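Working through the structure, step by step
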Amino acid sequence: MGFARTCSVTLVGVEGVVVEVQADLEPGVASFALVGLPDKSLVESRDRVRAAVVNSGGQWPQKKLTVGLSPASVPKGGSGFDLAVASAVLGAAERIDPRVLADLVMVGELGLDGRVRPVRGVLPAVLAAADAGYRQVVVPECSAAEASLVPGVAVLGVRSLRQLIAVLTDEPVPEEEPDDPGRPDPAHSGLHLPSEGFGGLTTRAGGREHVPDLSDVVGQRSARAAMEIAAAGGHHVYLQGPPGAGKTMLAERLPAILPPLSRAESLEVTAIHSVAGTLPPDRPLIESAPYCAPHHSSTMQSLVGGGRGTARPGAVSLAHRGVLFLDETPEFGGHVLDALRQPLESGHVVIARSAGVVRLPARFMMVLAANPCPCGRFGQRGAGCECWSSAVRRYQARLSGPLLDRVDLRVRVEAVTRAELAAVGERRESTRTVADRVLAARERAADRFADTPWRTNGEVPGHALRTRWHAVAGALDEAERRLERGLLTARGLDRVLRVAWTVADLVGHDRPDAGDVELALHLRTGAPPGAVRALGTPA
């Protein structure tokens, strides 16, 4: 009788659960049983592991083999258990010393020839192993950089099962031929999902990276200032205007003026993208705010997360600590948009399935963009809108009141004039200049919230903002009158106060005064062109 055990990790949402992989050999008819709530991809590991062991020069034990995954009550899936299953079987067959395997955590898929292939979610898997007290992990060689982001854990990157056996048995490590440099890496085939994730705004031309700059936007002084306020306070924005006015350009340039992510935030965001399979292979750590712009035909599952079996992160989680841009917002389904109301308030998504409940982080800045009518020319002088008034009302009513009540800034984006397009030598502020002001405002807010769990004005609950930090006496009189007349909800009043604090941080006021609150009210109700010039920052 032979017995060996090692460990691997299964993912529940974006969190890992350490699983003990046990292998037991007994006399009897040769068979292979895998128990412990495995899914289809894990059940198929029996054939992959057997072929990998044989093609790696090992002998498959001709006995009754049982592999158990503990805890047995947790559903397990994915091909990341292959490496642990193969090692446990070889340990039970005494090819590897079982004592060496007991303190290791292994994550990786095996090819039929014994190569170790990467899997999604290596970073959260290693984080879970570190939290459980393990200090040694084995991962595919191409994922070693990602796993090394976790401090205090020794990472062994292997290219094949042969190399792992040699390392664990103190034998000479065989050399494995790398793939040709000019060919696509087959190990990453199907692992990274295009068009779904991070970094889509950066383009390469002539060997140089080009990041969209805010100085590319012509005109739109009010909208530019509103985006600056949004970045400084973490506020949601609604841009309404005709096609071609620059709404998409403004949204695409918002991530670049956000401050860099902290170390903890970078690990959090990287873990989400690793689980989703959108982590760039040459960029193991995401250090800047992500940007996600799903198409208006997206389903609820692709937007908020879910899917068959284990829930996967959706667009709101891929935009965690970054920007979620919904272009042509009225074209999204009403139930899809209303599903955003929970993460906008709580900063996370809770998805219930028969197998359990998954909690996915989703604290993002939302940017909504919409035309004024189906043809986009309503309200434009000389544009000749052909939409019926009833069609315009139906189009604008697709955004529900409860959703818009959660949006802090509403800006009307006007069409760019010929004079603005033809202006030569006009000085427009660059992304770096605006980003410096945003960073200074964020630092003022961080000092104010130093002893609290909040970081930006957009995160602070209304009760705390009203009781702990007070505006200048009389500054909220107009806002409170609108509340009494029913023109402003209680949530709306709290959001006006949050924006007023952000304006005060940008202009250097210790507390919001009447002018700061007036500007916040303008932005709350839909700022007319030029209203944001009262901010006092050049645009």
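All residue numbers refer to positions counted from 1 along the written sequence of the respective chain. The predicted nature of this model means local features are confined to residues of pLDDT at least 70 and side-chain atom pairs, given and counted, to a pLDDT of 80 or more, with totals for whole chains, interfaces and linings taken over all residues. Water and hydrogen atoms play no part in the side-chain values, which are based on all heavy atoms of the structure.

1. A look at the overall build of the chain
Spelled out, the test is: The numbering of helices and of strands both runs from the N terminus, where a helix is a DSSP run of H or I of at least 4 residues and a strand a run of E of at least 2. Type-normalised accessible area, obtained with a 1.4 Å probe on protein chains alone, sets the label of each residue: buried when under 20%, exposed when over 50%, and partly exposed for intermediate values. Contact definition: two residues touch when any of their heavy atoms are within 4.5 Å. In short, Shrake-Rupley with a 1.4 Å probe defines the accessible areas, and a residue's cover is counted only from the protein chains shown.
When its secondary structure is counted, the chain shows 22 helices and 18 strands. A buried classification covers 50% of the 539 residues belonging to the chain. The long-range share in the chain, meaning contacts at least 24 apart out of those at least 6 apart in sequence, stands at 71%. Here the chain has roughly 24,400 Å² of accessible surface; of this, 50% comes from carbon and sulfur atoms.

2. What to know about the packing of helix α18 (residues 431-448) against helix α21 (residues 490-507)
Using the following cut-off: For helices, the fitted line uses only the C-alpha atoms of the stretch in contact; every axis is such a line through C-alpha atoms, and the angle between N-to-C directions lies from 0 to 180 degrees. The sense of a crossing depends on the near helix, which, turned anticlockwise from the far helix by less than a right angle, makes the crossing left-handed and, turned clockwise, makes it right-handed. Side-chain classes are defined by residue name, with Ala, Val, Leu, Ile, Met, Phe, Trp, Tyr, Cys and Pro counting as nonpolar, Asp, Glu, Lys and Arg as charged, and the others, Gly among them, as polar.
Packing of α18 against α21 leaves a shortest axis separation of 8 Å and a crossing angle of 115°. Regarding α18 and α21, the two cross each other, and that crossing is right-handed. From α18, Arg-437, Ala-441, Arg-444, Ala-445 and Arg-448 reach across to α21, where they touch Trp-501, Asp-505 and Leu-506. When grouped by side-chain class, the residues that make up the contact of α18 with α21 number four nonpolar, no polar and four charged.

3. Focus: α21
Which entries qualify depends on this criterion: Take the residue count of a helix, subtract one, and multiply by 1.5 Å to get its expected span.
Here α21 spans 26 Å end to end across 18 residues, near enough to the 26 Å set by a 1.5 Å rise per residue. Along α21, 15 of the 18 residues are buried, which leaves the element largely enclosed by surrounding structure. Trailing α21 by a residue or two, Gly-508 shows a phi angle of about 90°, which is positive.

4. Re the environment of Leu-161
Looking at the element boundaries, Leu-161 is found in helix α7 (residues 161-168). The spacing of Leu-161 and Val-116 is 45 residues in sequence and 6.5 Å in space, taken between C-alpha atoms. Setting aside residues up to four positions removed in sequence, Leu-161 forms contacts with Ala-52, Val-53, Ser-56, Leu-83, Ala-86, Leu-110, Gly-114 and Val-116.

5. Remarks on the nonpolar core
Buried together is how nonpolar side chains tend to be arranged in soluble globular proteins. Threshold: To qualify as a nonpolar core, a set must consist of buried Ala, Val, Leu, Ile, Met, Phe, Trp, Tyr and Cys residues joined through side-chain atoms within 4.5 Å.
With 55 residues, the main nonpolar core has Ile-229, Leu-239, Leu-254, Val-367, Val-517 and Leu-523 as its most contacted residues. A per-element tally of this core places α21 first, with eight residues. Counting 36 residues, the second largest nonpolar core, distinct from the first, contains Ala-23, Leu-34, Val-67 and Leu-168.

6. Notes on the pattern of salt bridges
For the record, the criterion: For this analysis, a salt bridge means a side-chain nitrogen from Lys or Arg found within 4 Å of a carboxyl oxygen belonging to Asp or Glu.
Applying the stated criterion across every chain, the model contains 29 salt bridges. Here Glu-176 makes a salt bridge to Arg-162, at a shortest N to O gap of 3.1 Å. Taken together, the positions of Glu-176 in the loop between α7 and β10 (203-205) and Arg-162 in helix α7 put the pair 14 residues apart, joining distant regions of the chain. The exposure class of Glu-176 is buried, given its relative accessible area of 15%. For Arg-162, a relative accessible area of 27% translates into the label partly exposed.

7. Digging into the pairing of strand β8 (residues 136-140)
Note the threshold: Paired strands, as defined in this entry, are two strands with at least two bridges between them according to DSSP.
The buried fraction of β8 amounts to four of the five residues, a majority that puts the element mostly inside the structure. Relative to β8, strand β5 (residues 105-106) is paired through two bridges, and the arrangement is parallel. Within the sheet, the bridge partner assigned to Met-106 lies in β8 and is Val-138. For β8 and strand β9 (residues 154-158), the ladder comprises five bridges, and the chain directions are parallel. Note on β9: the bridge partner recorded for Val-137 is Val-155.

8. Here's the deal with the confidence of the model for the chain
Here is the rule: Known as pLDDT, the predictor's per-residue confidence is scaled from 0 to 100.
Per-chain confidence: the chain averages 87 in pLDDT, with 90% of residues scoring 70 or above. Segment residues 180-184: pLDDT under 50, and zero contacts once partners within four positions in sequence are set aside and those in other chains are kept. Note that pLDDT drops below 50 for residues 192-200; the model gives that stretch 20 contacts with residues more than four away or on any other chain.

9. Looking at the environment of Ser-70
Tracing the chain through its elements places Ser-70 in strand β4 (residues 64-70). Accessibility expressed as a relative area gives 32% for Ser-70, which makes it partly exposed. In this structure, the C-alpha to C-alpha distance between Ser-70 and Val-19, residues 51 residues apart in sequence, is 5.5 Å. When neighbours within four sequence positions are excluded, Ser-70 is seen to be in contact with Val-18, Val-19, Glu-20, Gln-22 and Lys-76.

10. Brief notes about unusual backbone geometry
Cis peptide bonds are those with omega within 30 degrees of zero, and the linkage from Ser-70 to Pro-71 qualifies with 10°. Turning to its location among the elements, Pro-71 is positioned in the loop between β4 and α3 (82-92). With a phi angle near 60°, Leu-37 is a residue other than glycine that sits in the positive phi range. Along the polypeptide, Leu-37 turns up in the loop between β3 (31-35) and α1 (40-43). A residue is classified by how much of its surface remains accessible, and Leu-37, at 45% relative accessible area, is partly exposed. The backbone of Arg-321 shows a phi angle near 65°, a positive value even though the residue is not glycine. Within the fold, Arg-321 resides in the loop between α12 (315-318) and β14 (323-326).

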